[in-house]
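# Coordinate analysis (summary)
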Amino acid sequence: VPAEYLAEATSFQIDNSSNEAPDWKLGYGYQFWRTSFNSFRCDGACGQYILVMPEYDLCMAGTSGVSNMQRILTAFWNTVVPSIKDDVLTENREGFAEMCNFLSNLEHAPLASELRIDKPSNVYEIEENRIGLNTFGINFDNDGCELFFTWNGGKNEKLRADYGKYSRNFLQLLEDCPHIIEASAAWINENELAIQVWFVETPYRDCYFLTFENDRITLKRDSLFTFL
């Protein structure tokens, strides 16, 4: 890639000052965002970053799954940038071991609740919808629940969600091939069940809220990808 083109592509080309977030209003190049400290970045959904700071001879790559993407950059500006020095850092084995231990124990906590509601198993007919879901069933046991989906055309799939821990599933849903999905469940009250679903190979997370009303069930979806 010619150096002249890269310099042009990463420089201010388009005014985006109408945005609210600080690092989304500093200018846009050719598929590159201008950011604080005279830097630029490649930007993917939910906080997938390649940040380049030429004046500091520094690059940062980040993968995440968040809706507030400014928060990652703000943390970087407030913690890493003030610590940059011209001198070589002194080795800190204790600090390095502490960091490794901290990172190795990070996790997305599963949903958890002390409530255990004994609902009867049931199958629900789904109103006509654009995704082609025909019926939805749910079975409960002491450890959690299983959700059953029947699609137009006869395809059947099952999702297991346990209380207080993740269950691994392989579902295709509307995709071309199956994906790894981990799910946990918790009762919010005697009529509302929450099911958290992580798409392991992606940064995306959904949370489904199932409300039971007599012989009907209402489902509300809260998706990380909607940036709510």
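Below, the structure is looked at part by part.

Criteria and thresholds
Residue numbers run consecutively from 1 along every chain, following the written order of its sequence. The predicted nature of this model means local features are confined to residues of pLDDT at least 70 and side-chain atom pairs, given and counted, to a pLDDT of 80 or more, with totals for whole chains, interfaces and linings taken over all residues. Values shown for side chains rest on all heavy atoms present in the structure; no hydrogens or waters enter the calculation. Each salt bridge in this description consists of a side-chain nitrogen of Lys or Arg and a carboxyl oxygen of Asp or Glu lying within 4 Å of one another. Comment: elements are numbered from the N terminus, with helices defined as DSSP H or I runs of at least four residues and strands as E runs of at least two. Exposure classes here rest on a 1.4 Å probe applied to the protein chains alone. A residue is buried below 20% of its type maximum, exposed above 50%, and partly exposed in between. Working definition: a ring pair exists when centres of Phe, Tyr or Trp rings (six-membered ring for Trp) sit within 6.5 Å. Plane angles under 30 degrees give stacked, over 60 give edge-to-face, the rest tilted. Two conditions define a charge sitting above a ring: the NZ of Lys or the CZ of Arg must be within 6 Å of the ring centre, and it must be within 35 degrees of the ring normal. Pairing between two strands is assigned when DSSP locates at least 2 bridges connecting them.

## Concerning the pattern of salt bridges
Enumeration according to the criterion identifies nine salt bridges in this entry. Where K158 meets E146, a salt bridge forms, and the shortest distance between an N and an O atom there is 3.7 Å. Separated by 12 residues along the polypeptide, K158 in strand β8 (residues 156-163) and E146 in strand β7 (residues 144-151) bring together distant segments of the chain. On the basis of relative accessible area, K158 is assigned to the partly exposed category, the value being 44%. One salt-bridge network, in which partners are shared between bridges, spans D141, E146, K158, R160 and D162.

## Examining the packing of aromatic side chains
Enumeration over the complete set of coordinates arrives at 11 aromatic pairs. The rings of W24, Y28 and W33 are connected pair by pair, giving a single aromatic cluster. One cation-aromatic arrangement involves R41 over W24; the distance from NZ or CZ to the ring centre is 4.2 Å.

## Some details on the pairing of β8
Most of β8 is tucked away: six of the eight residues are buried. Inspection of the sheet shows β7 paired to β8 by seven bridges, in the antiparallel sense. Pairing of F148 across the sheet is with K158, part of β8. In sequence, β7 turns back onto β8 through a hairpin of four residues, with G153 there showing a positive phi of about 105°. Where β8 meets strand β10 (residues 179-189), two bridges bridge the pair, whose relative direction is parallel. Residue pairing across strands places Y163 opposite A185, the latter belonging to β10.

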